[in-house]
Amino acid sequence: MATTTQSPHESPVLVRSDKIILASSAALCVLAGVAHYGDWNSVVAFVVSAAAVCLLASLVGRSVEQLGDRFGPGATGVLQSALGNLPELFICIFALRSGLVDVVRAALVGSILANLLLVLGLAFLVGGLKHGTQQLGSERARTIVVLMLLSVTAMAIPSIAHEVHSPAGEHEVAFSVIVSVVLLVLFALSLPFSLRKDDTPEASTEAEPPRWPIALAVALLALAGALAAFVSDWFVDALQPAMDSMNISQVFAGLVIVAIAGNAIENVVGVQLAFRGQSEYAFSVILNSPLQIALVLAPVLVLVSQIFGLASFTLVFGPMLVVALILSILLAALIAIDGESTWLEGATLVALYAVIATSFWWG
């Protein structure tokens, strides 16, 4: 790799962690391709492709961070959440093509739960143990919580209409399309606030200056996005045989395995921020991802499934998924209301995630 002359005060373009992610992503993508085309054991192929998806999500997130930091933390959060969900979007599209509708429904709910309970809980736990009570009272964080509550409620309405046998429940496809369009409009309306620069002292110190040239960030983002499309296809191809081999239900696979593969690595940054004492920014970063899933990813999948003739995907989720979703967002909102969190609240959120995940082990 070519090097450039640097002054003693300049940061290197690629630091050690960048090189590790790039090398690991390349190696795992090659290994996933060999496993797919070499007809390896389905469980091995599944694990390798899942690991590749995780690292590609991390690479996408890092590329977007280097782009977004030039425009402020708001733009970074929006870009990282929108483009960082690319691997999960590809996984869900290929899963719909394969008719794995239950996996997709569970994956969307699981992604939201993983962020609201597992990742947020870990951030509270790690940050609380090191720094004590953490402050969450930024205007941006409170607004994200309100948007999350509204968007998740809107997502749940078609499911409720279906369960109570409302006349609207008989038109779940049309109803889901209308709700999806409304959610996408709400996302568009929220963009000016999300992209606004935050001038608080914490916001001015949450990230180091960008090190990558714009051309490098764009090139790696494009490369990671293209590789994610291929690896996601291999991941889905290995998913069904692996589930059968390990006797795992579609719902558990989507709720836990697919959700964590598509999101957990990307959101490690939130836990790192909490560990460094930047609790308000960590809270905003972690909740921005499930917000994008509710406002963008789920509606886009509804529209894509109808436009391209994939297995029909609607916003009608099973009762247990809806209950888990609503309880989780209510808990996150209650914790945010007083503007602070403790390590014990974090431990409780992680424990609740474990209980919910276990409840879906049998389907």
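The rules behind each value
- Residues numbered from 1 in each chain as written.
- Predicted model: local features only at pLDDT ≥ 70, side-chain atom pairs only at ≥ 80, totals over all residues.
- Heavy atoms only, no water.
- Helix = DSSP H or I, 4+ residues; strand = E, 2+ residues; numbered from the N terminus.
- Contact = heavy atoms within 4.5 Å.
- Axes fitted to C-alpha atoms, helices over the stretch in contact; angles between N-to-C directions.
- Parallel < 35°, antiparallel > 145°, perpendicular 65-115°, else oblique.
- Left-handed = near helix turned anticlockwise from the far one by under 90°.
- Nonpolar A, V, L, I, M, F, W, Y, C, P; charged D, E, K, R; others polar.
- Polar contact = N/O pair within 3.5 Å; in protein donor to acceptor, adjacent residues only side chain to side chain.

Participant: Help me understand the environment of Ala106 in this model?
Facilitator: With respect to the helices and strands, the residue Ala106 is situated in helix 5 (residues 101-131). Along the sequence, Ala106 and Gly318 sit 212 residues apart, while their C-alpha atoms lie 9.0 Å from each other. Not counting residues within four places of it along the chain, the set of residues in contact with Ala106 comprises Val251, Gly254, Leu255 and Leu321.

Participant: Explanation requested: the packing of helix 5 against helix 10 (residues 268-275) in the structure shown.
Facilitator: Helix packing geometry: the angle between the two helix axes and the distance between the axes. Between helix 5 and helix 10, the least distance of the axes is 8 Å, while the angle of their chain directions is 20°. Viewed along their axes, helix 5 and helix 10 adopt a mutual orientation that is roughly parallel. Of the two elements, helix 5 crosses helix 10, and the hand of that crossing is right-handed. Contacts from Val119, Leu122, Ala123, Val126, Gly127, Lys130 and His131 in helix 5 reach Gly270, Val271, Ala274 and Phe275 in helix 10. Looking at side-chain class alone, the contact of helix 5 with helix 10 contains 7 nonpolar, 3 polar and 1 charged residues.

Participant: I keep staring at the side chain of Ser176 and nothing clicks. Help me out?
Facilitator: Position of Ser176 relative to the elements: it lies in helix 7 (residues 172-195). Only 2.7 Å separates the side chain of Ser176 from the backbone oxygen of Glu172, close enough to count as a polar contact. Residues within four places of Ser176 in sequence aside, it is in contact with Pro158, Val302, Thr314 and Leu315.

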